[in-house]
Amino acid sequence: AFVQHVEKIRATPSVVLLGATSRMDTLEAAAIRPGRFDWHIPLHQPDTEERLAVLEHLLAGRPVGELDLPAWAERTKGCSAADLTRIVNAAALAAFNRDDTIGERHLAEAIRRFEATERLHETARSW
C-alpha cells in the first residue's frame, strides 16, 4: 500500500515527496529504490562542538548564571538539537518557577528527567 501511495504522489506534477525514518535498515528495499526516493540524506547527531553551539544559541537572551557549557556539551553526548531544546526549556522553566537564573542545578535536573524518560545513558543514537 505504501509503495502504491508513493507512486501515485510521484505521478502528481509539481509535488516533492520527502520521507524520513529513524530505522533505514528496516525499510523494504522496494520502498526506497531509485525512482521512488532519488536521494538518501543521512543526518548525523551533533558532535560536542555542535552541541555547544546549540546550547549557546538556546541560552542566548535568557537569564543564565554560571554554567560550564563545554562540560554540558560533553555531558549531552547522543542528544539531538531537539533533545537539547527540551532540556534547556525544562531548565529555564525550573529556574523561572524559582525566580532564579538558569544554573547548573537546573540543567542537571532537566537532564536527569530527560534521561529517565528517554533512557539516554551517554550512548550514541542514530536517526
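The structure we're discussing is the one just above.
All figures in this text were calculated on a predicted structure; none of them were measured in a lab.

A. Expanded view of the environment of E109. Looking at where E109 falls in the secondary structure, it is placed in helix α5 (residues 104-118). Take E109: its relative accessible area is 29%, and that puts it in the partly exposed class. Sequence separation between E109 and Q4 is 105 residues, and the spatial gap between their C-alpha atoms is 47 Å.

B. A look at the packing of helix α2 (residues 48-59) against helix α4 (residues 81-97). The contact between α2 and α4 brings their axes to 10 Å, and the two run at 40°. Regarding the angle of α2 to α4, the classification is oblique. Of the two possible hands of crossing, α2 and α4 adopt the one that is right-handed. Across the interface between the two elements, R51, V54, L55, L58 and L59 of α2 pack against A81, L84, T85 and V88 of α4. Counted by class, the contact of α2 with α4 contains 7 nonpolar, 1 polar and 1 charged residues.

C. Spotlight on the pattern of salt bridges. Summed over the entire model, instances satisfying the criterion amount to 6 salt bridges. Residues E7 and R33 are paired through a salt bridge, measuring 4.0 Å at the closest nitrogen-oxygen approach. Of the two residues, E7 sits in helix α1 (residues 2-10) while R33 sits in the loop between α1 and α2, which places them 26 residues apart along the sequence. On the basis of relative accessibility, which here comes to 32%, the residue E7 falls in the partly exposed class. Taking the relative accessible area as the measure of exposure, R33 reaches 37% and is therefore partly exposed. With a closest N to O distance of 3.8 Å, D38 and R10 form a salt bridge. Highlighted residues: D38 in the loop between α1 and α2 and R10 in helix α1, separated in sequence by 28 residues.

Quick notes on the rules
Residues numbered from 1 in each chain as written. Predicted model: local features only at pLDDT ≥ 70, side-chain atom pairs only at ≥ 80, totals over all residues. Heavy atoms only, no water. Helix = DSSP H or I, 4+ residues; strand = E, 2+ residues; numbered from the N terminus. Buried < 20%, exposed > 50% of the residue type's maximum accessible area, 1.4 Å probe, protein only. Axes fitted to C-alpha atoms, helices over the stretch in contact; angles between N-to-C directions. Parallel < 35°, antiparallel > 145°, perpendicular 65-115°, else oblique. Left-handed = near helix turned anticlockwise from the far one by under 90°. Contact = heavy atoms within 4.5 Å. Nonpolar A, V, L, I, M, F, W, Y, C, P; charged D, E, K, R; others polar. Salt bridge = Lys/Arg side-chain N within 4 Å of Asp/Glu carboxyl O.

So yeah, pure geometry; function would need other evidence.
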